[in-house]
Amino acid sequence: QVQLVESGGGLVQAGESLRLSCAASGSIFGSNAMAWYRQAPGKQREWVAAISSGGNTVYSDSVKGRFTISRDNAKNTVYLQMNSLKPEDTAVYYCAAGTIVVAPSRVPYWGRGTQVTVSS
């Protein structure tokens, strides 16, 4: 079965950086788009960034210019470099994979999430 495992979350102060990683099954990584979502308590899951199998990237307005999504096909891993973190970035961050990854209801594969907490 497809497995997505996130890591790299933690507690940081505002303005600092974190790098999240998502290790994916080798059988699906190279042929699927990848994305990052986040969900804060009491809020809906929010799309953050996506990267196609060809390396094209797109970001939500809330993180554009601060976050960078990338993928390493040799390691079957997708990353989310988060710079200039703000308290409002606090959430559980989820890795997603599939043909369509910008609509939560259409995403076939999800990781279990990693907590990111940004203090002021």
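Cut-offs and rules
Here, residues in each chain are numbered from 1, in the same order as that chain's written sequence. Per-residue local features of the predicted model are confined to residues with pLDDT of at least 70, and side-chain atom pairs are confined, for both listing and counting, to 80 or more; whole-chain, interface and lining totals are unaffected and use all residues. Where side-chain values are given, they derive from all heavy atoms of the structure, hydrogens and water being excluded. A 1.4 Å probe rolled over the protein chains alone gives each residue an accessible area, and that area as a share of the maximum for its type sets the label: buried under 20%, exposed over 50%, partly exposed in between. Secondary structure is summarised from DSSP: a helix means a run of H or I of at least four residues, a strand means a run of E of at least two, and numbering begins at the N terminus for each. Only strands that DSSP links by at least two bridges are regarded as paired with each other. Two residues form a contact once any of their heavy atoms are found within 4.5 Å. Defined by distance alone, a disulfide is two cysteine sulfur atoms within 2.5 Å.

A. Main features of the pairing of strand β4 (residues 33-39). With six of its seven residues buried, β4 lies for the most part within the structure. In this structure, β4 lies alongside strand β9 (residues 91-98), joined through seven bridges in antiparallel fashion. Looking at the pairing, A35 lines up with A96 of β9. In this structure, β4 lies alongside strand β5 (residues 46-51), joined through five bridges in antiparallel fashion.

B. Representation of the side chain of N32. Within the fold, N32 resides in the loop between α1 (26-29) and β4. The exposure class of N32 is buried, given its relative accessible area of 10%. Setting aside residues no more than four positions away along its own chain, N32 makes contact with S53, R71, G98 and T99.

C. Region of interest: the environment of G98. Relative to the elements of secondary structure, G98 occurs in strand β9. Put simply, G98 and L4 are 94 residues apart on the chain and 11 Å apart in space, counted from C-alpha to C-alpha. If near-sequence neighbours (up to four positions away) are discounted, G98 is found in contact with N32, A33 and P108.

D. Spatial organisation of the state of the cysteines. What the rule picks out here adds up to one disulfide. What pairs with C22 in a disulfide is C95, and their sulfur atoms sit 2.1 Å apart. In this structure the cystine formed by C22 and C95 twists about its S-S bond by roughly -85°; its chirality is therefore left-handed. A residue pair is termed long-range when its members are at least 10 positions apart, and C22 in strand β3 (residues 18-24) and C95 in strand β9 qualify at 73 residues.

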